[in-house]
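Examining the three-dimensional arrangement
The chain contents come next:
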2 protein chains.
Amino acid sequence: MRHSIQNWLVVTFAGLALGAFPGCGGNDTGQREHAPEAVKADAGHAAEHPAEAAVKAESAGLPTAQHKALFGPLPAEMTADSNPLTPAKIDLGRMLYYDTRLSKSQQISCNSCHQLDHYGVDGEPTSPGHKGQRGARNSPTVYNAALHLAQFWDGREPDVEAQAKGPILNPVEMAMPSPEAVVAVVKSIPGYAAAFAAAFPEEADPITYDNLAKAIGAFERKLVTPGRWDRWLAGDATALTAAERRGLDLFVESGCTICHMGPDLGGSLYQKMGLVKPYPLTDEGRGAITGNEAERFFFKVPSLRNVAETAPYFHDGSVTTLEEAVRIMLDYQLGRSVTAPQMSDLLAFLKALTGDLPKAYIAMPELPPSGPDTPGPDLS
Amino acid sequence: MRHSIQNWLVVTFAGLALGAFPGCGGNDTGQREHAPEAVKADAGHAAEHPAEAAVKAESAGLPTAQHKALFGPLPAEMTADSNPLTPAKIDLGRMLYYDTRLSKSQQISCNSCHQLDHYGVDGEPTSPGHKGQRGARNSPTVYNAALHLAQFWDGREPDVEAQAKGPILNPVEMAMPSPEAVVAVVKSIPGYAAAFAAAFPEEADPITYDNLAKAIGAFERKLVTPGRWDRWLAGDATALTAAERRGLDLFVESGCTICHMGPDLGGSLYQKMGLVKPYPLTDEGRGAITGNEAERFFFKVPSLRNVAETAPYFHDGSVTTLEEAVRIMLDYQLGRSVTAPQMSDLLAFLKALTGDLPKAYIAMPELPPSGPDTPGPDLS
């Protein structure tokens, strides 16, 4: 069964991927080569031959079966059985996401580093935290992030709920001294009592650090940014320009999709930074978490959704332009370079991955006023 | 600093990787193309220019800097701070590895499925366990396995010590009812008392299930198989034939190394089976362990060391020949196919990854005789 499927489908895909390797003398308008054994008809199959379907789709500017297998649609929300989404929980999460009173200085919220109206980032190489301190890693976008296999550049937390607990307590970020201190602040704000009760109706004492993280996580699980790219994947041939489609072809054929795959074009695996030649690194990435030599200098492959809007790039935010980031990836990960027109197409494709911000959903809500026991800012 | 390193090195690598894409009309004897901006001399650097060094190395049949970055040497032993290797512990582990009394039927040992004189495999799609039962996954080789980021096809155990505990208790494998039952068997064999005491000299009661696993793990941490490939990587140009080097070039340029990298040519990451088109799968692999949609159908990328000796292939052992396995990988993972001569070169390269078995190290030791309380086989 497997083998017949495979012989039947090989015609579809072999030609597409072999058509246009960058820099090998081909052109990118359709040069093809089939292995002799691949050119077989399946007489027992009455439907349109997949090779014909693929050529038709491609020539019409439509996504092919290969594109659909590689990327797939962005879900409307990024659900998890462990944290069912309810309107009350999401509304609470939105308030907490924006509430600077969850930081020691009362100046920093989740949104300070992951700015929702700036595609979930702050544009800084590394973000200023408590008293302007900066960590070693770039703040990644929160949009579409709940799809990832794990959170943080090194994947040290399994989901957005667990992630949310980290920065609040990190001394160089929001710098709260303990989960109990956070809970005390939330309890001191009278309006949160009803909001937590509505979000966690089964619980007698719903204001807990775990529930705070669940509410923020629930809010984040709807931070998706479908856009032109998704309309194209869904069959709207006009949603991408010819240059963007050329860039997509180059992206696939260069091997970018071996890591940047799935609905998020990333977030599915860890990969070594500096694969075909050593990249200058001190940060050992995932290797420092697992202790495995095999994962030294591995980082979570970031999503390329909205990548044109989320500079600077890489785990340390050290690269300021998308073109430079692409050049480094081609060079250090794939051992390749591209011509100037090819780079232009690649960048056009990557810019087409910019989605639409859910403006109504992310609008900053009115936050409940502090109570008499709510502590003031602590700048020490 | 990073940018100057990178501009300086790009000349070295860009040409190598762009030289010979399969099926794009180039030949594989040195067609090159440089991006215009890549061709820059570094006047401040007095040593041999790396582009010249790379061309010299390649034309002499020597490994290039790119090869060294991609692969790296196999260590003499695969150490872990959590389990220091001592001769006594290793000798104990070797005995336990071969001891069928660790199975309910007393017919199955570690070596039954991971046969050390057969490159650590049994040649079966899935291995026969207790009463001939078979699981759903192929028994992978134990050679060089301690280098992997984690153990099992789905990475559900972190290291070889944790792995060793699984099959002994699995009802369809060695089928022992509990760790306590295993410990009771070991304690009933008089000769093991001194062996455990020598292996764990600090411990008053050293015969424990954890220590049994540590001893087996310690033995496995020296199961490395350096061979011709390593001699070539170390600078012996004669260690690979011209066909094997052509196969290596094709392997790198086709993108195989994006997953099959490092000293083990694999074992460093999880990847989706069926990347550019869906592969017929029921086993969800790592996704079933983590529950992450992003990892559905992901499996640990297996090592390609000794791959010519470890058929059948893939997580389910469903593919019997190496050529078919390569064809499926090219097709489903990379969207490519190769010509018959290219396949021949690829297979030649993969066969060159067969290393030397450590025959003296793996020789089956004399096992301590059973005592009066040692249970007999239980075939129920």
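1. Let's talk about the overall build of chain A
Across its full length, chain A holds 15 helices and two strands. Residue burial in chain A is summarised as follows: out of 380 residues, 58% are buried. For chain A, the exposed area adds up to about 15000 Å²; of that, 57% sits on carbon and sulfur atoms.

2. Notes on the pattern of salt bridges
Going through the model one piece at a time under the given rule, you end up with 38 salt bridges over all chains. For Arg305 of chain A, the salt bridge identified is with Asp230 of chain A, shortest N-O distance 2.7 Å. With Arg305 of chain A in the loop between strand S2 (298–300) and helix H13 (322–334) and Asp230 of chain A in helix H10 (residues 228–233), the pair connects residues that are 75 residues apart, well separated along the chain. With respect to class, Arg305 of chain A is no different from Asp230 of chain A; both count as buried. A salt bridge links Arg137 of chain B to Asp154 of chain B; the nearest nitrogen and oxygen atoms lie 3.0 Å apart. Of the two residues, Arg137 of chain B sits in the loop between helix H5 (110–113) and helix H6 (160–169) while Asp154 of chain B sits in the loop between H5 and H6, which places them 17 residues apart along the sequence.

3. Let's talk about helix H8 (residues 191–199) of chain B
For H8 of chain B, the full list of buried residues reads Tyr192, Ala195, Phe196 and Ala199 of chain B. Along the long axis of H8 of chain B, the arc covered by the buried residues comes to 95°, so they all point the same way.

4. Considerations on the domain arrangement of chain A
Residue and element names in this part refer to chain A. In terms of domains, chain A is made up of domain 1 (87–224) and domain 2 (226–356). Using only C-alpha atoms to locate each centre, domain 1 and domain 2 end up separated by 27 Å. Across the contact, 25 residues belong to domain 1 and 28 residues belong to domain 2. A combined buried area of about 2000 Å² lies between domain 1 and domain 2, and 57% of that area is made up of carbon and sulfur atoms. The three residues of domain 1 that bury the most area against domain 2 are Tyr119, Leu149 and Trp153, which together make up 35% of that side's buried surface. Connecting domain 1 to domain 2 are one salt bridge. Across the salt bridge formed by Arg137 and Asp283, the nearest N and O atoms sit 2.7 Å from each other. On inspection of domain 1 and its partner domain 2, the count reaches ten residue pairs in polar contact (both at pLDDT 80 or more). Split into classes, the residues belonging to the side of domain 1 that touches domain 2 amount to twelve nonpolar, nine polar and four charged.

5. Some remarks on the packing of helix H6 (residues 160–169) of chain A against helix H9 (residues 209–220) of chain A
Residue and element names in this part refer to chain A. Put simply, H6 and H9 touch, their axes get as near as 8 Å, and they point 115° apart. The interaxial crossing formed by H6 with H9 has right-handed handedness. Along its contact with H6, which presents Val160, Glu161, Ala164, Lys165, Ile168 and Leu169, the element H9 presents Tyr209, Asp210, Leu212, Ala213, Lys214, Ile216, Gly217, Ala218 and Glu220. Here the residues of the contact of H6 with H9 sort into nine nonpolar, one polar and five charged.

6. Focus on the nonpolar core
Core analysis: the largest hydrophobic core is formed by 102 residues, its most contacted members being Trp229 of chain A together with Trp229 of chain B. Ignoring anything within four residues of it in the chain, the contact list for Trp229 of chain A reads Phe71, Leu240, Leu248, Leu265, Arg305, Phe349, Ala352 and Leu353 of chain A.

7. Digging into the packing of aromatic side chains
Tallying each qualifying case throughout the model produces 22 aromatic pairs over all chains. When the centroid spacing of 5.9 Å and the interplanar angle of 75° are considered together, the rings of Tyr97 of chain B and Tyr98 of chain B count as edge-to-face. The two residues Tyr97 of chain B and Tyr98 of chain B agree in class, both being buried. Here the aromatic residues Phe71, Trp229, Trp232, Phe251 and Phe349 of chain A are joined through ring pairs into a cluster of three or more. The ring of Tyr332 of chain A has Lys277 of chain A lying over it, and the distance from NZ or CZ to the ring centre is 4.7 Å. The ring of Tyr361 of chain B carries the charged tip of Arg94 of chain B above its face, separated from the ring centre by 4.8 Å.

8. Comments concerning the environment of Ala213 of chain A
When you line up the elements, Ala213 of chain A lands in helix H9. Those residues in contact with Ala213 of chain A that lie beyond four places of it in its chain are Glu161, Ala164 and Lys165 of chain A.

9. Brief notes about the state of the cysteines
Using the criterion set out here, one finds zero disulfides over all chains in the structure. Residue Cys259 of chain A stays outside any disulfide, its sulfur separated by 6.4 Å from that of Cys259 of chain B, the closest cysteine.

10. Re the confidence of the model for chain A
Residue and element names in this part refer to chain A. When pLDDT is averaged along chain A, the result is 89, and 87% of the positions lie at 70 or above. Here residues 1–46 is modelled with pLDDT under 50, and outside its nearest four sequence neighbours on either side it reaches 103 contacts, counting other chains as well. Both scores are given for the predicted complex: the pTM is 0.85, the ipTM 0.81.

11. A few points about the side chain of Ser105 of chain B
Residues and elements named next belong to chain B. Tracing the chain through its elements places Ser105 in the loop between helix H4 (87–98) and H5. Among the polar contacts listed, one links the side chain of Ser105 to the backbone nitrogen of Gln107, at a separation of 3.1 Å. Those residues within four positions of Ser105 in sequence are excluded, and the remaining contacts are His130, Pro377, Asp378 and Leu379.

12. Side note on the environment of Asp205 of chain A
Residues and elements named next belong to chain A. Inspection of the secondary structure assignment puts Asp205 in the loop between helix H8 (191–199) and H9. Assessed through its relative accessible area of 46%, Asp205 is described here as partly exposed. Separated by 125 residues in sequence, Asp205 and Leu330 place their C-alpha atoms 53 Å apart.

13. Focus: unusual backbone geometry
Following Ala311 of chain A, the chain continues to Pro312 of chain A via a peptide bond in cis, the omega torsion being -5°. Locating Pro312 of chain A in the fold gives a position in the loop between S2 and H13. A positive phi angle, near 60°, is found at Gln106 of chain B, a position not held by glycine. With respect to the secondary-structure elements, Gln106 of chain B resides in the loop between H4 and H5. By relative accessible area, which is 18% here, Gln106 of chain B ends up buried. Even without a glycine there, the phi angle at Asn144 of chain B is positive, about 65°. Mapped onto the elements, Asn144 of chain B comes out in the loop between H5 and H6.

14. Considering helix H11 (residues 242–253) of chain A
Residue and element names in this part refer to chain A. Helix length check: H11, at twelve residues, gives a terminal C-alpha distance of 16 Å against a target of 16 Å (1.5 Å per residue), a fit within 8%. Turning to H11, its buried residues are Glu244, Gly247, Leu248, Leu250, Phe251, Val252 and Glu253. Immediately downstream of H11, the backbone of Gly255 shows phi near 100°, a positive value.

15. With respect to the environment of Ala164 of chain B
Residue and element names in this part refer to chain B. Considering the arrangement of structural elements, one finds Ala164 in helix H6. For Ala164, a relative accessible area of 6% gives the class buried. For the pair Ala164 and Ala175, spaced eleven residues apart in sequence, the C-alpha to C-alpha distance is 13 Å. Those residues within four positions of Ala164 in sequence are excluded, and the remaining contacts are Tyr209, Ala213 and Ile216.

16. A look at the side chain of Asp331 of chain A
Topologically, Asp331 of chain A is positioned in helix H13. Engagement of the side chain of Asp331 of chain A in a polar contact is seen with the side chain of Lys277 of chain A, the distance being 3.1 Å.

Parameters at a glance
- Residues numbered from 1 in each chain as written.
- Chains lettered and ligands numbered in written order.
- Predicted model: local features only at pLDDT ≥ 70, side-chain atom pairs only at ≥ 80, totals over all residues.
- Heavy atoms only, no water.
- Helix = DSSP H or I, 4+ residues; strand = E, 2+ residues; numbered from the N terminus.
- Buried < 20%, exposed > 50% of the residue type's maximum accessible area, 1.4 Å probe, protein only.
- Areas by Shrake-Rupley, 256 points an atom, 1.4 Å probe, with all protein chains shown as cover.
- Salt bridge = Lys/Arg side-chain N within 4 Å of Asp/Glu carboxyl O.
- Arc of directions from axis to C-beta.
- Domains from an automatic or database assignment.
- Contact = heavy atoms within 4.5 Å.
- Buried area = accessible area lost by both parts, 1.4 Å probe.
- Polar contact = N/O pair within 3.5 Å; in protein donor to acceptor, adjacent residues only side chain to side chain.
- Nonpolar A, V, L, I, M, F, W, Y, C, P; charged D, E, K, R; others polar.
- Axes fitted to C-alpha atoms, helices over the stretch in contact; angles between N-to-C directions.
- Left-handed = near helix turned anticlockwise from the far one by under 90°.
- Core = buried A, V, L, I, M, F, W, Y, C linked by side-chain atoms within 4.5 Å.
- Phe/Tyr/Trp six-rings, centres within 6.5 Å; stacked < 30°, edge-to-face > 60°.
- Lys NZ or Arg CZ within 6 Å of the ring centre and 35° of its normal.
- Disulfide = S-S within 2.5 Å.
- pLDDT = per-residue confidence, 0-100.
- Expected span 1.5 Å × (residues − 1).

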